[in-house]
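Residue strings, one per chain:
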Amino acid sequence: MFELDLEQLTPEQRGMVELWEAHLDAEFENKDAVASCGTMTEVPYVNHVPTLTGGLGREQLLHFYGNYFIPHMPSDMEMEMISRTVGQNRIVDEFVSRFTHTVQMDWLLPGVPATGRRIEIVLVVIVTFEEGKMSSEHIHWDQASVLVQAGLIDPEHLPVSGAEAARKMLDRNSVPSNLLIKRTISDDRL
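Here goes a summary of the coordinates provided. Because the structure is predicted, anything quoted here is derived from the model rather than measured. (Residues numbered from 1 in each chain as written. Predicted model: local features only at pLDDT ≥ 70, side-chain atom pairs only at ≥ 80, totals over all residues. Heavy atoms only, no water.)

### Overview of empty space enclosed by the protein
Part 1 of the reasoning: Counting across every chain of the model gives one cavity of 30 Å³ or more.
Part 2 of the reasoning: Counted as a void, the largest cavity has a volume near 160 Å³.
Part 3 of the reasoning: If you trace the largest cavity, you find 17 residues lining it, with Glu-27, Phe-28, His-48, Phe-69 and Ile-139 closest to the centre.
Part 4 of the reasoning: Here the lining of the largest cavity takes four residues from helix 1 (residues 11–29), the largest share from any one element.
Part 5 of the reasoning: Considered class by class, the residues forming the lining of the largest cavity number 13 nonpolar, two polar and two charged. (1 Å grid on protein atoms, 1.4 Å probe; cavity = no way out; pocket = protein on both sides within 12 Å on 5 of 7 lines; lining within 4 Å. Points joined across faces, edges and corners; volume = space filled by probe spheres on them. Helix = DSSP H or I, 4+ residues; strand = E, 2+ residues; numbered from the N terminus. Nonpolar A, V, L, I, M, F, W, Y, C, P; charged D, E, K, R; others polar.)

As structure tokens, then:
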């Protein structure tokens with residue numbers, strides 16, 4: 001598990017971390033859209049980059065969080081932090097998220113009914129702060145990996161991976177490097 005030494009941060013940076021942690025608790029622990037949006041500026045912006053879901057402005061985000069994000073989290077959702085970088089007015093987190101796709105998750109797989117499949121993905125979240133509040137979140141993940149694990153694309157003839165991408169981030173020895181290259185190239189040094 002990743003540990004951040006808060007003593008090495010400035011008071012402003014510690015405040016950003018505390019606010020971000022409160023935001024995550026509101027979303028994933030307390031499941032409270034109002035509390036989640038309460039951590040944000042008056043005109044916040046959230047973009048789940050692969051699916052263009054999220055919103056602009058508190059009213060739109062309150063609706064999105066309350067109707068499409070928070071209530072559509074599988075009950076077994078878990079997040080494991082890989083790394084956190086705290087800078088000036090910005091936090092960048094890397095997580096592995098694991099869950100069983102037991103509910104329709106339009107923020108992740110728009111229009112796709114629950115598949116019942118286990119999914120593990122790496123998420124990178126870039127959070128920006130203004131005047132003591134969160135002003136934006138940009139959330140990135142490998143959508144091809146999600147589609148493979150949901151059974152929506154066959155990776156056999158595509159240069160994509162599934163859960164092994166997340167597993168390699170947690171344990172660099174768990175999955176050999178260059179497996180996709182080795183499908184078509186014979187090179188003993190890879």
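### A look at the packing of aromatic side chains
Part 1 of the reasoning: This model, assessed by the stated rule, comprises six aromatic pairs.
Part 2 of the reasoning: Considering the side-chain rings of Phe-64 and Tyr-65, the 6.0 Å spacing of their centres and the 45° angle between planes classify their relative orientation as tilted.
Part 3 of the reasoning: On the accessibility criterion, Phe-64 (8% relative accessible area) is buried.
Part 4 of the reasoning: Seen in terms of ring centroids, Trp-107 and Trp-141 are 5.9 Å apart; in terms of plane orientation they differ by 85°. Their pairing is edge-to-face. Taken as a pair, Trp-107 in the loop between strand 4 (90–100) and strand 5 (118–130) and Trp-141 in strand 6 (residues 133–141) lie far apart in primary sequence, 34 residues in all. Like Trp-141, Trp-107 is buried. (Phe/Tyr/Trp six-rings, centres within 6.5 Å; stacked < 30°, edge-to-face > 60°. Buried < 20%, exposed > 50% of the residue type's maximum accessible area, 1.4 Å probe, protein only.)

### Overview of the nonpolar core
Part 1 of the reasoning: Judged by nonpolar contacts, the single largest core of 38 residues is most densely connected at Trp-20, Tyr-65, Trp-107, Leu-108, Phe-129 and Trp-141.
Part 2 of the reasoning: Broken down by secondary-structure element, the contributors of at least two residues to this core are helix 1, helix 2 (33–37), strand 1 (40–48), helix 3 (58–69), strand 3 (78–86), strand 4, strand 5 and strand 6.
Part 3 of the reasoning: A total of six residues in this core trace back to one element, the largest contributor, which is strand 5.
Part 4 of the reasoning: Those residues in contact with Tyr-65 that sit more than four places away from it in its chain are His-23, Glu-27, Ala-33, Ser-36, Cys-37, Met-40, Val-46, Ile-70, Pro-71 and Glu-137. (Core = buried A, V, L, I, M, F, W, Y, C linked by side-chain atoms within 4.5 Å. Contact = heavy atoms within 4.5 Å.)

### Some words on the layout of surface pockets
Any space left empty among the atoms is revealed by the rolling of a water-sized probe across them.
Part 1 of the reasoning: Taken as a whole, the largest pocket spans an internal volume of roughly 530 Å³.
Part 2 of the reasoning: As for the largest pocket, its lining consists of 22 residues, of which Glu-21, Leu-24, Asp-25, Met-79 and Phe-95 are closest to the centre.
Part 3 of the reasoning: Of all the secondary structure elements, the ones that give two or more residues to the lining of the largest pocket are helix 1 and strand 3.
Part 4 of the reasoning: If one sorts the elements of the lining of the largest pocket by residue count, helix 1 sits on top with six residues.
Part 5 of the reasoning: Looking at the lining of the largest pocket, its residues break down into 13 nonpolar, one polar and eight charged.

### Overview of unusual backbone geometry
Part 1 of the reasoning: Located in the positive-phi region is Asn-89, a residue other than glycine, with phi close to 60°.
Part 2 of the reasoning: Note that Asn-89 resides in the loop between strand 3 and strand 4.
Part 3 of the reasoning: Residues other than glycine seldom take positive phi values, yet Asn-178 does so here, at roughly 70°.
Part 4 of the reasoning: Structurally, the position occupied by Asn-178 is in the loop between helix 5 (164–170) and helix 6 (179–182).

### Quick notes on the pattern of salt bridges
Part 1 of the reasoning: By the definition in use, this model includes nine salt bridges.
Part 2 of the reasoning: Across the pair Glu-80 and Arg-98 runs a salt bridge whose closest N-O atoms are separated by 2.8 Å. In this pair, Glu-80 sits in strand 3 while Arg-98 sits in strand 4, placing the two residues 18 residues apart along the sequence.
Part 3 of the reasoning: For Glu-120, the salt bridge is made with Arg-98, and the minimal N-O distance between the two is 3.9 Å. Here Glu-120, found in strand 5, pairs with Arg-98, found in strand 4; they are 22 residues apart in sequence, far enough to count as distant. The pair Glu-120 / Arg-98 is uniform in exposure class, with both members buried.
Part 4 of the reasoning: One salt-bridge network, in which partners are shared between bridges, spans Asp-76, Glu-78, Glu-80, Arg-98, Arg-118, Glu-120 and Arg-167. (Salt bridge = Lys/Arg side-chain N within 4 Å of Asp/Glu carboxyl O.)

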